[in-house]
Amino acid sequence: EVPYKQQPVGLEVFIGAIARLMDGQLNKATVVDIGCGTGNYAAALSPFVGQITGVEYNSGMLEQARRKTAHLSNVKVIQGDATKIPLPDGVCDVVTCTQVIHHFIAEEFSGLCQFLREAKRILKQKGVLIINTSSPEQASKCWMGAGLAPIAGKIVSER
């Protein structure tokens, strides 16, 4: 039996956007992948771009990402918070954020606003932010939403 491995969805869109930004010179692009999780997108983008830095808050996912990308010389993975990205100003051409922004939805979107300010800070002047997320309907039908939503709803209703 083959273990489940999540495949990067929309990778061709990422590559196309980066190619357009870089006038076709993908291999010169510097990318920061915020909330890189287990490193799926960093690993998948690595053959196409110059440098990728994955930033992950969760230490368990961080270790998985480091193991997954250890053999890739153009990928480094660091621990960090998306609202306080531990990188200097103007360090990258592209910031990616895949299936992460739902974690920022609290207190009138303050976390999301702080993330957007941080993304802008680390981007070069003509850099691009790529956000890949799901609509509420899509989220409810995926493995996370479909499996966890009914359980979470029951727990909340019992309180």
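In what follows, the accompanying structure is described. Fair warning: this is a prediction, and the values are worked out from it, not measured in the lab. (Residues numbered from 1 in each chain as written. Predicted model: local features only at pLDDT ≥ 70, side-chain atom pairs only at ≥ 80, totals over all residues. Heavy atoms only, no water.)

## Focus on the side chain of Asn132
Okay, step 1: Here Asn132 shows up in strand S5 (residues 123-132).
Okay, step 2: Judged by its relative accessible area of 17%, Asn132 is buried.
Okay, step 3: Of the polar contacts made by the side chain of Asn132, one reaches the side chain of Tyr41; its length is 3.4 Å.
Okay, step 4: Contact partners of Asn132, with chain neighbours within four places excluded, come to Val9, Phe14, Tyr41, Cys97, Thr98 and Gln99. (Helix = DSSP H or I, 4+ residues; strand = E, 2+ residues; numbered from the N terminus. Buried < 20%, exposed > 50% of the residue type's maximum accessible area, 1.4 Å probe, protein only. Polar contact = N/O pair within 3.5 Å; in protein donor to acceptor, adjacent residues only side chain to side chain. Contact = heavy atoms within 4.5 Å.)

## Quick look at unusual backbone geometry
Okay, step 1: Backbone geometry at Asp23 places phi at a positive 50°, although glycine is not the residue there.
Okay, step 2: Among the structural elements, Asp23 can be located in the loop between helix H1 (11-21) and strand S1 (30-34).
Okay, step 3: In this structure Asp23 comes out as exposed when scored by relative accessible area, which is 70%.

## What about the pattern of salt bridges?
Okay, step 1: Throughout the structure, instances matching the rule amount to four salt bridges.
Okay, step 2: Note that Arg66 is salt-bridged to Glu63, the shortest N-O span being 3.3 Å. Linking Arg66 with Glu63, this pair stays in helix H3 (residues 59-69), spanning three residues, or about one helical turn.
Okay, step 3: On the basis of relative accessibility, which here comes to 35%, the residue Arg66 falls in the partly exposed class.
Okay, step 4: Owing to a relative accessible area of 38%, Glu63 belongs among the partly exposed residues under this scheme.
Okay, step 5: Between Asp89 and Arg121 there is a salt bridge; the shortest N-O distance is 2.8 Å. On the criterion of sequence distance, the pair formed by Asp89 in the loop between strand S3 (75-79) and strand S4 (92-98) and Arg121 in helix H4 (residues 110-122) is long-range, its members being 32 residues apart.
Okay, step 6: Note on Asp89: relative accessible area 55%, which makes it exposed.
Okay, step 7: Note on Arg121: relative accessible area 24%, which makes it partly exposed.
Okay, step 8: Here the salt bridges share partners, and the residues they tie into one network are Asp89, Glu118 and Arg121. (Salt bridge = Lys/Arg side-chain N within 4 Å of Asp/Glu carboxyl O.)

## Describing the environment of Asn74
Okay, step 1: For Asn74, the position within the fold is in the loop between H3 and S3.
Okay, step 2: The spacing of Asn74 and Thr30 is 44 residues in sequence and 9.6 Å in space, taken between C-alpha atoms.
Okay, step 3: Ignoring sequence-local partners within four residues, the contact set of Asn74 consists of Ser46, Val49, Gly50, Gln51 and Ile52.

## Observations concerning the packing of aromatic side chains
Okay, step 1: Within this structure, the stated rule accounts for one aromatic pair.
Okay, step 2: Between Phe14 and Tyr41 the ring centres are 5.3 Å apart and the planes differ by 25°, which places this aromatic pair in the stacked class. Separated by 27 residues along the polypeptide, Phe14 in helix H1 and Tyr41 in helix H2 (residues 40-45) bring together distant segments of the chain.
Okay, step 3: With a relative accessible area of 2%, Phe14 lands in the buried category. (Phe/Tyr/Trp six-rings, centres within 6.5 Å; stacked < 30°, edge-to-face > 60°.)

## Some remarks on a nonpolar patch on the surface
Okay, step 1: On the surface, Leu116, Leu129 and Ile131 cluster together to form a nonpolar patch covering roughly 200 Å² of accessible area.
Okay, step 2: Looking at where Leu129 falls in the secondary structure, it is placed in strand S5. (Patch = residues over 30% accessible without salt bridge, like charges linked within 9 Å, V, L, I, M, F, W, Y side chains within 5 Å. Areas by Shrake-Rupley, 256 points an atom, 1.4 Å probe, with all protein chains shown as cover.)

## So, H4
Okay, step 1: Here H4 is 13 residues long and its end C-alpha atoms lie 19 Å apart, about the 18 Å a rise of 1.5 Å per residue gives.
Okay, step 2: Residues Gly111, Leu112, Phe115, Glu118, Ala119 and Ile122 constitute the buried set of H4. Buried residues of H4, seen end-on, are gathered within an arc of 125° and therefore sit on one face of the element.
Okay, step 3: Those residues of H4 that are buried are in contact with S1, S4 and S5. (Expected span 1.5 Å × (residues − 1). Arc of directions from axis to C-beta.)

Purely spatial values, then, with no claim about function.
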